[in-house]
Amino acid sequence: MDERLWLPPLPSEPEVLIECPRFSFVKRRADGAVDFVSPLPCPYNYGSIPGLASDEGDPLDAVVMGPRLALGQRLRVPVVGVIGFVDAGRGDPKVVCAAAPLTDAERAGLERFFRVYALFKQVLHRVRGNVPDTRFMGWLPLPVPAPDVAPEATARRAP
């Protein structure tokens, strides 16, 4: 596996902070600053797992399936999948969380979304003057649940 897609040990039900509620057009960073405004609404609740970082140094991204959640809401949800994604040449995996296992239709929807999202991010990077490697990498193996691992115990920390 591409070492950029390294994941820190994850609890089986991590705490997720919602930064972009389902159907939102505005993608925010964990600190609340606007990252970008999308031409299309995000079909998923999008956020991060506080205290854990990806290879790119940003908080580890998470997608929460289900109904729209409030901006800033924190909740514990089981990990049901991990999507490999590279953004600006750095590993940026997406932890998928849901109350139930993903259906084939949900998996296909997530794949379509992140393929299109990669194209959008490529355009955004070019507009910002960069031409980095940004792409959907497919599904990664589920990490072995580590229910007793606290974020403080991981090797890489979010800023």
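Anything mentioned here points back to the structure above.
Along every chain, residues carry numbers that run from 1 in the direction the sequence is written. Only residues with pLDDT of 70 or above have their local features reported here, since the model is predicted, and side-chain atom pairs are shown and tallied only from 80 upward, although totals for entire chains, interfaces and linings are computed over all residues. To obtain the side-chain values, all non-hydrogen atoms of the structure were included, while hydrogens and water were left out.

Peer 1: How do you make sense of the pattern of salt bridges when you look at a structure like this?
Peer 2: Between side chains of opposite charge, a pair can form when the charged atoms approach closely. Take a side-chain nitrogen of Lys or Arg and a carboxyl oxygen of Asp or Glu: if they are within 4 Å of each other, that pair is a salt bridge. Counted according to the given criterion, the structure contains 6 salt bridges. Between Arg 90 and Asp 55 there is a salt bridge whose closest N-O contact spans 3.1 Å. Of the two residues, Arg 90 sits in strand β8 (residues 90–91) while Asp 55 sits in the loop between β4 (45–53) and β5 (59–64), which places them 35 residues apart along the sequence. Partly exposed describes any residue whose relative accessible area lies between the buried limit of under 20% and the exposed limit of over 50%, with all areas from a 1.4 Å probe on protein chains only and scaled to the type maximum. Arg 90 gets classed as partly exposed once you look at its relative accessible area, which sits at 38%. With its nearest N and O atoms 2.6 Å apart, the salt bridge here joins Lys 94 to Asp 61. One end of the pair, Lys 94, is in strand β9 (residues 94–97); the other, Asp 61, is in strand β5, and 33 residues separate them in sequence. Classification of Lys 94 by relative accessible area gives buried; the value is 0%. If you follow the salt bridges from partner to partner, you end up with Asp 61, Asp 92 and Lys 94 in one network. Segments assigned H or I by DSSP are reported as helices when at least four residues long, segments assigned E as strands when at least two residues long, and all are numbered from the N terminus.

Peer 1: Teacher, can you tell me more about the side chain of Asp 87 here?
Peer 2: With respect to the helices and strands, Asp 87 occurs in strand β7 (residues 79–87). A relative accessible area of 6% means that Asp 87 is categorised as buried. Any pair of N or O atoms that falls within 3.5 Å is considered a polar contact. Within protein, one atom must be able to donate a hydrogen and the other to accept it, and sequence-neighbouring residues count only if both atoms are side-chain atoms. A polar atom in the side chain of Asp 87 sits 3.1 Å from the side chain of Lys 121. Contacts were defined at the residue level, with two residues in contact if any of their heavy atoms lie within 4.5 Å. Setting aside residues no more than four positions away along its own chain, Asp 87 makes contact with Glu 56, Asp 92, Lys 121, His 125, Asp 133 and Thr 134.

Peer 1: Help me understand the environment of Phe 113, please; the structure alone is not making it clear to me.
Peer 2: Within the secondary structure, Phe 113 sits in helix α1 (residues 104–127). C-alpha separation for the pair Phe 113 and Cys 42, spaced 71 residues apart in sequence, amounts to 8.7 Å. Leaving out residues up to four positions away in the same chain, Phe 113 has contacts with Cys 42, Pro 43 and Tyr 44.

Peer 1: How should the packing of aromatic side chains be read in this particular structure?
Peer 2: Aromatic ring pairs are defined here through the distance separating the ring centres and the angle between the ring planes. Whether two aromatic rings pair depends on their centres lying within 6.5 Å, for rings of Phe, Tyr and Trp, where Trp uses its six-membered ring; planes under 30 degrees apart make the pair stacked, over 60 edge-to-face, and the rest tilted. One pass over the full model with this rule turns up 8 aromatic pairs. Judged by centre distance (6.0 Å) and plane angle (65°), the ring pair of Phe 85 and Phe 114 falls under edge-to-face. Of this pair, Phe 85 sits in strand β7 while Phe 114 is found in helix α1, placing the two residues 29 residues apart along the sequence. In this pair, the class of Phe 85 matches that of Phe 114, namely buried. Taken together, a centroid distance of 5.5 Å and an interplanar angle of 45° make the contact between Phe 85 and Tyr 117 tilted. One end of the pair, Phe 85, is in strand β7; the other, Tyr 117, is in helix α1, and 32 residues separate them in sequence. Judged by relative accessible area, which is 0%, Phe 85 ranks as buried.

Peer 1: It is not clear to me how the pairing of β4 should be interpreted in this structure. Could you clarify?
Peer 2: Working note: regular strand, side chains alternate between the two faces of the sheet. Burial within β4 is extensive, with 8 of its 9 residues counted as buried. Whether two strands pair depends on DSSP finding at least two bridges between them. Across 3 bridges, strand β1 (residues 15–20) lies against β4 in antiparallel orientation. The partner of Ile 18 across the bridge, within β4, is Gly 47. Across 6 bridges, β4 lies against β5 in antiparallel orientation. Residue pairing across strands places Gly 47 opposite Ala 62, the latter belonging to β5.

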